[in-house]
Amino acid sequence: MLVVVLFFAALLGIFAAVAGTFMSSAADASRAFGDGLRADEAMRSAIEYIVGQTGQTIQQARGTANVQIKGAKIQITVRDEAARIDINRAPPELLAGIFRQVGVPADTAGMFAARIVDWRDADDKISPNGGAERAAYRAAGRTDGPRNGPFLSVAELALVLGVPARAAAAVAPYVTVASGRDKINPMFADPAVLMAIPGVTEERVRDFIGERNKPNVEFANLITRLGPVENFVTEENGQAVRFDARIQVAPNDVRRYEAVVTVIDGDTEPYRIISWDANPPAQKQALP
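Residues numbered from 1 in each chain as written. Predicted model: local features only at pLDDT ≥ 70, side-chain atom pairs only at ≥ 80, totals over all residues. Heavy atoms only, no water.

**Student:** Which parts of the structure should I look at to understand the overall build of the chain?
**Tutor:** The helix and strand inventory of the chain stands at eight helices and seven strands. The 288 residues of the chain split such that 43% are buried. Of all intrachain contacts in the chain linking residues separated by at least 6 positions in sequence, the fraction that spans at least 24 positions is 62%. For the chain, the exposed area adds up to about 15400 Å²; of that, 56% sits on carbon and sulfur atoms. (Helix = DSSP H or I, 4+ residues; strand = E, 2+ residues; numbered from the N terminus. Buried < 20%, exposed > 50% of the residue type's maximum accessible area, 1.4 Å probe, protein only. Contact = heavy atoms within 4.5 Å. Areas by Shrake-Rupley, 256 points an atom, 1.4 Å probe, with all protein chains shown as cover.)

Written out as structure tokens, the structure reads:
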């Protein structure tokens, strides 16, 4: 009898330990979920605050601010979306260039660019350098492409025939569907985007980056430092801006967000969030 009692006592102890572990895990999960909701709310509040301050001039908003909203500490940076290559509008030279910057061989990068153009254009004419239209997708057993219309998100790059998901993910930090420009604004572009411009060298990019943040710099004079790049650059603002935020909701809990926002004249909404990413990919900020 004593053995039986001890057995059940030990069994109850195991159940209690398991239950305690389960309750602790549930509490941690609940806390993490709550912190996630707080971070989301803080990000949206920061966007609303900045849009409220800038209104229709949000396309000119630039720089970094530190704010605190409901206990969350936020460092938020606003950048022109024209700093990225718009996959709906950019010429194939820029598209191929950004794939080369992430390690794709030149011939393959040219093929990717041709197929991106064929995905977005409305015709069934195959682009040179390895494009792919409807017949190629059907031959590959696919009925979902090409769209023959604009990309709805950068994630759609992985749907383009022959473009591996890994390559699409690698260029994601440098491309967009929301700038509305076929050129890039080099005053805000990352080094990898600048290096995607045909004919540009590392030396020229280093020189350009060293000069562009100096006061009273004129675009027309500065751009010559990159070489003959007039067909690929513009000083016009994009049609949207990107909010890049680091949000601290707890001492050891810092989360990163990116959101692309536009304000449309005459819109019924004060602003539109056209892209939201609670786990954005890292960017290469400097040349190696």
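**Student:** So what exactly am I meant to see when it comes to unusual backbone geometry here?
**Tutor:** In terms of backbone geometry, most residues other than glycine have negative phi values and most peptide bonds are trans. The residue after Gly145, namely Pro146, is reached through a cis peptide bond having omega -5°. Relative to the elements of secondary structure, Pro146 occurs in the loop between helix H4 (134-139) and helix H5 (165-171). If you check the backbone angles, Asn216 has positive phi at about 60° while not being a glycine. On the secondary structure map, Asn216 appears in the loop between helix H7 (202-212) and helix H8 (219-222). Given the relative accessible area of 80%, Asn216 is considered exposed.

**Student:** Explain the pairing of strand E1 (residues 63-69) to me, please; I cannot follow it from the model alone.
**Tutor:** Consecutive residues of a regular strand have side chains that alternate between opposite faces of the sheet. Here E1 pairs with strand E2 (residues 72-80) via seven bridges, running antiparallel. Each bridged residue has a counterpart across the sheet, and for Ile69 the counterpart in E2 is Ala72. Between E1 and E2, which pair antiparallel and follow one another directly, the connecting turn spans two residues, one of which, Lys70, has a positive phi of 50°. (Pairing = 2+ DSSP bridges.)

**Student:** Can you walk me through the sheet that holds strand E5 (residues 241-250) in this structure?
**Tutor:** Strand pairing in a sheet relies on backbone hydrogen bonds. The paired strands run either parallel or antiparallel. Read from one edge to the other, the open sheet built from five strands follows the order E1-E2-E5-E6-E7, with strand pairing classed as antiparallel. Looking at which strands have only one partner, the edges of the open sheet turn out to be E1 and strand E7 (272-277). The mean angle between the axes of side-by-side strands here comes to 25°, regardless of whether they run parallel or antiparallel. In this sheet, strand E6 (residues 253-262) lies alongside E5 in antiparallel orientation, the contact comprising nine bridges. Looking at the pairing, Ile247 lines up with Arg255 of E6. (Axes fitted to C-alpha atoms, helices over the stretch in contact; angles between N-to-C directions.)

**Student:** Please explain the environment of Leu226 as it appears in this structure.
**Tutor:** Mapped onto the elements of the fold, Leu226 is located in the loop between H8 and E5. Residue Leu226 is classed as buried on the basis of its relative accessible area, which comes to 1%. Residues Leu226 and Val205 lie 21 residues apart in sequence; the distance between their C-alpha atoms is 6.4 Å. Other than its neighbours up to four places away in sequence, Leu226 contacts Pro186, Leu194, Val200, Arg204, Val205 and Phe208.

**Student:** I'm lost on the side chain of Arg115 in this one. Help?
**Tutor:** Inspection of the secondary structure puts Arg115 in helix H3 (residues 106-120). Despite being buried, Arg115 has no salt bridge partner; Asp118 is the closest side chain of opposite charge, sitting 6.8 Å away. Reaching out from Arg115, the side chain makes a polar contact with the backbone oxygen of Leu161 at a distance of 3.1 Å. Residues within four places of Arg115 in sequence aside, it is in contact with Gly130, Gly131, Ala132, Val160, Leu161 and Gly162. (Lys, Arg positive; Asp, Glu negative; His and termini not counted. Salt bridge = Lys/Arg side-chain N within 4 Å of Asp/Glu carboxyl O. Polar contact = N/O pair within 3.5 Å; in protein donor to acceptor, adjacent residues only side chain to side chain.)

**Student:** Which parts of the structure should I look at to understand the environment of Gly227?
**Tutor:** Positionally, Gly227 belongs in the loop between H8 and E5. Here Gly227 falls in the buried class, since its relative accessible area comes to 10%.

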